[in-house]
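# Coordinate inspection notes
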Amino acid sequence: MTTSLLGEQDVRHFNEQGYFVARGLLDPAQVAEVRDTFMAMAANGPVPGLSEFRHDGRPVYDSQDPLSRYPRMMHPHRHMDKPVGPVARKYMLYPAIGQILEELMGEEPIACQSMFYFKPPGARGQDLHQDNYYLRVSPGTCMAAWMAIDDADEENGGMVVVPGSQTLQIVCPKKADPTRFFTTEHVDVPEGMQEVAVRLKAGDVLFFNGNVIHGSYPNSSKDRFRRALICHYMPASTRELSHWYEDPMRFSGERVYVSGATGGGPCGNTDTATGPH
Ligand SMILES: O=C(O)CCC(=O)C(=O)O
């Protein structure tokens, strides 16, 4: 029998607040491996087919936007022919992350997605949202493991979460302010709840439930990147997942097949508007 990585109070914190931080889960050499591999991949600018792109092939960000040089990389674990592929896959399926997810979710986790955010100085944030609006895991919800590759705090646009919001259903979003956020959806902080900044050190991993309202503000630092490898998971009992997430897999690497949710979600037909998260 495997020894627990979490104490009772950790699981209680997660159940009550909807999130949990595993401090120092990745060591400095592992953090450097992720950082250096992705920085080398981005050395000559966005990479077609890997970096975020519009469906018509045009760049997502205008040329003055710091994100135009460093757009996020989507599903890097699918690119096994590039140096980022094996690294993203290794950490998406990192055994300690799998074990913590299992202890928090109470069942086997299945990996659905990886993304790498560079968030250079001056970059806009990602407005408050709930991940399961996009992933549409049903029944239940998805989970995130947000791996800090730099220290992340209020200055460089670290993560904020709304504790307790995991108890809410999916809230239909409003429009985000495009001057501060690169995404288009915004969810208000519900009355009686408050957002809190989660300060992380490089190597810490923030786990959160897919209904938790969370996001990040702009990187207002002059010279601090705020990089993160972000992976999403669903419980093994999932029967439906948005069709944008094509290759869910167990921590053993075995592929899993689930029905793809298409058409109207709880907020109407957002399917073509949202695309992958
Ligand atoms: O890293 C960020 O700034 C936001 C990431 C996020 O909200 C997400 O992956 O769902």
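Above this text is the structure in question.
Residues numbered from 1 in each chain as written. Predicted model: local features only at pLDDT ≥ 70, side-chain atom pairs only at ≥ 80, totals over all residues.

### Here's the deal with the packing of helix α2 (residues 28-41) against helix α4 (residues 84-92)
A pair of packed helices is characterised by two quantities: the angle between their axes and the separation of those axes. Following both chains from N to C, one finds α2 and α4 inclined at 150 degrees, their axes separated by 10 Å at the closest point. By crossing handedness, the relation of α2 to α4 is classed as left-handed. Only Val84, Val87 and Tyr91 of α4 make contact with α2, whose side of the interface consists of Glu33, Val34, Thr37, Phe38 and Met41. (Axes fitted to C-alpha atoms, helices over the stretch in contact; angles between N-to-C directions. Helix = DSSP H or I, 4+ residues; strand = E, 2+ residues; numbered from the N terminus. Left-handed = near helix turned anticlockwise from the far one by under 90°. Contact = placed C-beta atoms within 7 Å.)

### Quick notes on the nonpolar core
Core analysis: the biggest nonpolar cluster contains 73 residues, and Met147, Leu206 and Phe207 have the highest contact counts within it. Beyond its immediate chain neighbours, meaning those up to four positions away, Leu206 contacts Tyr19, Val21, Trp146, Met159, Val198 and Leu200. (Core = buried A, V, L, I, M, F, W, Y, C linked by C-beta atoms within 7 Å. Buried ≥ 20, exposed ≤ 12 C-beta atoms within 10 Å, placed from the backbone.)

### Quick look at the environment of Ala42
Here Ala42 shows up in the loop between α2 and α3 (66-69). Sequence separation between Ala42 and Asn209 is 167 residues; the distance between their C-alpha atoms is 30 Å. Excluding residues within four positions of it along the chain, Ala42 makes contact with Tyr70 and Phe118.

### Focus on the sheet that holds strand β11 (residues 214-216)
Sheet strands line up and pair through hydrogen bonds in the backbone, either parallel or antiparallel. If you trace the four strands from one edge of the open sheet to the other, you get β4-β11-β6-β9, paired in antiparallel fashion. Here the strands that pair on one side only, and so sit at the sheet edges, are β4 (126-129) and β9 (196-198). In this sheet, neighbouring strand axes are inclined to one another by 25 degrees on average, regardless of whether the strands run parallel or antiparallel. Here three bridges tie strand β6 (residues 159-161) to β9, and the two strands are oriented antiparallel to one another. Pairing of Met159 across the sheet is with Val198, part of β9. (Pairing = 2+ DSSP bridges.)

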